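Understanding the architecture of this molecule
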Amino acid sequence: SCLFLYYISSEERHLRANDREFNLSFKYANNAIKTSKYNVFTFLPLNLFEQFQRLANAYFVFLLILQLIPQISSLSWFTTVVPLLLVLSITLAKDLSDDITRHKNDNHVNNRKVEVLINGELKSEKWMNVQVGDIVKLENNEFVTADLLLLSSSEPLNLIYIETAELDGETNLKVKQALTLTGDLGNDIQKLAAFNGEVRCEPPNNRLDKFTGTLTMRGETFALDNERILLRGCTLRNTEWCFGLVVFGGPDTKLMQNSGKSVFKRTSIDHLMNVLVMFIFGFLAFMCTILSIGNAIWEYQEGNSFITFLPRADGANASLSAFLTFWSYVIILNTVVPISLYVSVEILRLGNSYFIDWDRKMYHVKSDTPAQARTTTLNEELGQIKYIFSDKTGTLTQNIMTFNRCSINGKSYGEVVDFAGQRVEVTEVKKVDFSWNPLADPKFCFHDHKLVEVVKSGSPEVQAFFRLLALCHTVMPEEKTEGELFYQAQSPDEGALVTAARNFGFVFRSRTPETISLVEMGVPTTYELLAVLDFNNVRKRMSVIVRSPEGKLTLFCKGADTIIYERLHPSSSKLMEVTTEHLNEYAGEGLRTLALAYKDLDEDEFEKWKERHHEASTSLEDREAKLDTIYEEIEKDLLLLGASAVEDKLQDGVPQTIEQLAKADIKIWVLTGDKQETAENIGYSCNMLREEMKEIFIVAANTAEEVREELKSRLLGKKSQVVEDEKVDGEYGLVINGHSLAFALQKDMQLELLRTACMCQAVICCRVTPLQKAQVVELVKKHKKAVTLAIGDGANDVSMIKTAHIGVGISGQEGMQAVLSSDFSFAQFRYLQRLLLVHGRWSYLRMCKFLRYFFYKNFTFTFVHFWYGFFCGFSAQMGLDTYYWTAVNQFFLWGSLSVYFAVTFTMYSNGMYLIFTSSFPFIGTARNSLNQPNVWLTIFLTTILCILPVVAKRFLFIQLKPTINDKVRQAKAVPPPLPRKFPRRRISTRRSGYAFSHARGYGDLVTSGRFLRIPVKSRPALFPHTDTPVADSTPQTYRTIFEEAQSP
């Protein structure tokens, strides 16, 4: 036990506030980050070391050494040095440019400014100069400088709000709270400067959701957990200022610990070229051996006849001559080893990269973002992708919730139909005009005019529906100017529902711990808030109890339909049947649904319940279980109002893109930090998960043994050490959460996880950390030997992007971290289809054709010298002089056409006739001949006769052995089928996605008033009111190969 305690103490971090000398003694890392590979001194040696790992480069250095030996060299040394230096210089320049860009990005981050408390004063310091133990001040909308222990803030009870999009992809705000002891420091610089608390905590690690440590101050020790820690990469929101103590800096921060290392990525073509070069080495040695044996035989049989005029050196004989001839032919036949291959390949890749950069179909007009090939070495690998690992939030979705449909008192609203009852596309219908409501959100869009008419007519059921949406939530309002409202919601779902109520005349205006103020159809109304029965993952519902201005007590409840239905009064049975049909329809369209109900309460009944609620809320044992029991007592005999449907908007073209990629036999895995049910809903929305699937496996166990049993029970195929694609009967899906994934990624369960996943058509991993994302990618890379691609848009995706063979960054709402770490970047997920199926395929085909020609050219040129050896007594003489090689390359290949026309027109020009009249009697013969029709007829007939055999051969092959492209062209003759008009989505049994995905809210904080300002100061909006990404230019059209073939 003593040994264990010593190990823990030696690994822990110990620091003291405002004491740099003490903290520097531990040699902790400062706050500077470094993503570049080289510096001024290491660039040349390291880069050359990397380049000489290429076999061809190392071979030519060896060849250069041979050429410096006079006895075996028949070529000058500069014939090898010049091309070698050219190859090395081009690669050096390219790598230097890439690393300079990385240095600039590092400097941009390291030179950001932050206020640091030094010697009792706040001074502006660069991020890179911040040390562990420093106290820093952050202001609203600033990035968190390092991993900080929150000391105090401008908010009541030392609360702050942070956005963690860079870490987990979620844009809804999180709440952190400082210890009361440190919160009393406030913004008093003298007190903060005198603060000398000591922190002992865990060493640097990559666990984003855990922190263990203690703070010792004035002889007292306080526990520290993750709720007190601000992580680098977060952004301070809606908080005027806060102070924090630096715990981890730079490379020790959890963000950088999750970033992963930069890996030198090489394509399968690179590996193939190395294998080919190895075979070429062997073939070269084989040819040199044959020629040296021939030299030995020739010297032994015929060599004595030439001694008179070609005397031998002392001690020379046939064996020595053969030995020297072997190395001489290594030099002469060096053209078979392609030194220029790598440079030529890089030039070809550069051209392919420009095609990606210039592609207008991958240009996003709204954000003015073109596609960008940030790496030029991976283009052809795009055509070989087998697995795609995608983030969800911001990559597949826009993270924008919209109120689309609702069912109120048995009537469905939101769908527009014509007089014949046919569904009409909403884009063809004029939007609802909300100008009658001065507090309406101008960005809100709705197309069903009937709902507004019913609201204006005073329907009690409809008004009760929107009154419930305006009261039953934990949203915080902000009103910067009169009538300009912004909502700070715990989740985008709640924001969408409250915004819908706002536009339909029930405006949530403000709240205090005891009241909620609305504007109902233009009339200000204040409700007394008596209780908030908050959401959690078990209850799957939320309720509020309010008293109206007339004194009427009402409980409003919203939640999953299955949960609400169990608590309805029997009188709602008929309405429940109709509402269920509507819910099925909404869920079939991929919408997130909620059921809404209410109950009028008796005053005496409520007072008795309130007493029992107070006892349960103050209980020290099983408080949550007791509260749930109390909630159950009052949440019964509810009256159903209806249901709401919210759309978590996918990016344009996501379902079509996934469908096309699936047809190309590319498997897509979604790795997200979001909740399981939310991820499942998106899986259904983008057609990854389908009702037609035979089964969807859910792995959500809490122990290693349970996870093992669940994986074994799902394992349908044979068990072997080699994970191969196994054919199974039917389609399956797999959903696994992060807790279970942590056990499944252990060495003894990895293969079982991979086998199960590979037999499934779709795989969704939810609640995963950035490191787990990288581990999943690495697992597939290691055991499947398949080319992988990772795509994401936030800093939480960087590790996955770096691990995959190819990383793609989406330049979206979550910063540029993913783009800076990626190999390719663009603005929308749908462009991935064109990147892989067009640019990837074309790049691969171009590369293959180029390599075939290149090796053909090299072997043809080398065999000339090999064959010439049999005619020169195997004496290692050159069949073609090196000057001749240059002439062929420069003159015949590059200038033959220009030289031909220049000489022809010069020889038959007027000037030549005037100089040499007798020698050139025909003036302008070339020009005159081209004016004769019979000359052009001859050229035409000759061309036809030359290409006719090729055309005939091609025609026969189309008929006898047609390719896929030939079949597609032939299919164009088939008339296209008549398009169906607005087909309805099939009915789904999945409902209540919002309720199942919602987390425990801030109901306790709302009712306690701990985080409400009195008076309320204005804060920036959580969700900026910008144009929706859907308002884009003409969307890209996606067609299947068959459909495209049928189009005229």
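Before reading further, recall that the structure is shown in the block above.
Below or above, wherever it landed, is the structure these notes cover.

Thresholds, definitions, all that
- Residues numbered from 1 in each chain as written.
- Predicted model: local features only at pLDDT ≥ 70, side-chain atom pairs only at ≥ 80, totals over all residues.
- Heavy atoms only, no water.
- Buried < 20%, exposed > 50% of the residue type's maximum accessible area, 1.4 Å probe, protein only.
- Helix = DSSP H or I, 4+ residues; strand = E, 2+ residues; numbered from the N terminus.
- Pairing = 2+ DSSP bridges.
- Phe/Tyr/Trp six-rings, centres within 6.5 Å; stacked < 30°, edge-to-face > 60°.
- Disulfide = S-S within 2.5 Å.
- Contact = heavy atoms within 4.5 Å.
- Axes fitted to C-alpha atoms, helices over the stretch in contact; angles between N-to-C directions.
- Patch = residues over 30% accessible without salt bridge, like charges linked within 9 Å, V, L, I, M, F, W, Y side chains within 5 Å.
- Areas by Shrake-Rupley, 256 points an atom, 1.4 Å probe, with all protein chains shown as cover.
- Salt bridge = Lys/Arg side-chain N within 4 Å of Asp/Glu carboxyl O.
- Lys, Arg positive; Asp, Glu negative; His and termini not counted.
- Charge placed at Lys NZ, Arg CZ, Asp CG, Glu CD.
- Parallel < 35°, antiparallel > 145°, perpendicular 65-115°, else oblique.
- Nonpolar A, V, L, I, M, F, W, Y, C, P; charged D, E, K, R; others polar.

1. With respect to the pairing of strand S13 (residues 241–248)
Burial within S13 is extensive, with eight of its eight residues counted as buried. Looking at chain direction, strand S4 (residues 135–139) and S13 are connected through five bridges and run antiparallel. Among the inter-strand pairings, Val 136 is bridged to a residue of S13, identified as Gly 244. In terms of strand pairing, strand S5 (residues 147–153) meets S13 through six bridges, oriented antiparallel. Across the sheet, the residue bridging to Asp 147 is Phe 248, located in S13.

2. Regarding the packing of aromatic side chains
Following the criterion strictly, the structure yields 32 aromatic pairs and no others. Judged by centre distance (5.8 Å) and plane angle (65°), the rings of Trp 867 and Phe 871 are edge-to-face. The exposure classification of Trp 867 matches that of Phe 871, with both residues exposed.

3. Notes on the state of the cysteines
Tallied over the entire structure, the rule returns zero disulfides. As a non-bridged cysteine, Cys 765 has Cys 766 as the owner of its nearest cysteine sulfur, 7.5 Å distant. Note on Cys 765: relative accessible area 3%, which makes it buried. A relative accessible area of 0% places Cys 766 in the buried class.

4. Describing helix H20 (residues 654–663)
Those residues of H20 lying buried are Val 654, Pro 655, Thr 657, Ile 658, Gln 660 and Leu 661. Phi turns positive one or two residues past the end of H20, at Asp 665, with a value near 65°.

5. Let's talk about helix H24 (residues 750–758)
Along H24, nine of the nine residues are buried, which leaves the element largely enclosed by surrounding structure. For H24, the set of buried residues is Gln 750, Leu 751, Glu 752, Leu 753, Leu 754, Arg 755, Thr 756, Ala 757 and Cys 758.

6. A few points about the sheet that holds strand S11 (residues 229–230)
One open sheet holds the six strands; their spatial order is S3-S2-S4-S13-S5-S11, and the pairing between them is antiparallel. With one partner strand each, in any of the chains shown, strand S3 (121–126) and S11 form the two edges of the open sheet. With six bridges connecting them, strand S2 (residues 113–118) and S3 associate as antiparallel partners. The partner of Leu 117 across the bridge, within S3, is Leu 122.

7. Re the sheet that holds strand S32 (residues 806–810)
Strand order in the open sheet made by the nine strands is S14-S33-S32-S31-S15-S27-S30-S29-S28, with mixed pairing throughout. The two strands at the open ends of the sheet, each matched to only one other strand, are strand S14 (372–373) and strand S28 (695–699). In this structure, strand S15 (residues 385–390) lies alongside strand S31 (residues 787–792), joined through five bridges in parallel fashion. Along S31, the bridge assignment pairs Ser 390 with Ile 791. Of the strands in this sheet, S15, strand S27 (667–671), S28, strand S29 (732–737) and strand S30 (762–766) are in contact with H24, which crosses S27 at around 125°. With respect to the sheet, helix H28 (residues 831–868) is in contact with S15, S31, S32 and strand S33 (824–826), its orientation differing from that of S33 by roughly 140°.

8. Points about unusual backbone geometry
Within the chain, Met 521 stands out as a residue other than glycine whose phi angle is a positive 50°. A positive phi angle, close to 55°, is found at Phe 874, a residue other than glycine. Residue position: Phe 874 is located in the loop between H28 and helix H29 (882–907).

9. With respect to a negative patch on the surface
On the surface, a cluster of negative charge is contributed by Asp 602, Asp 604, Glu 607, Glu 611 and Glu 615. With respect to the element layout, Asp 602 can be found in the loop between strand S25 (592–600) and helix H18 (603–617).

10. Brief notes about the pattern of salt bridges
Any two side chains of opposite charge can pair, on the condition that their charged atoms come close. In total, this model carries 32 salt bridges according to the counting rule given. A salt bridge links Asp 134 to Arg 20; the shortest N-O distance between them is 2.6 Å. Of this pair, Asp 134 sits in the loop between S3 and S4 while Arg 20 sits in helix H2 (residues 20–24), and the two are 114 residues apart along the sequence.

11. Some details on the packing of helix H10 (residues 268–302) against H28
H28 packs onto H10 with a crossing angle of 10° between their chain directions and a minimal axis gap of 13 Å. In terms of axis orientation, H10 runs roughly parallel to H28. Taking contact as the criterion, the partners of Ile 269, Met 273, Leu 276, Ile 280, Phe 283, Met 287, Ile 290 and Leu 291 in H10 are, on H28, Tyr 844, Met 847, Leu 851, Phe 855, Phe 859, Thr 862, Phe 863 and Phe 866. In the contact of H10 with H28, the residues fall into 15 nonpolar, one polar and no charged.

These figures come from the coordinates and say nothing about function on their own.
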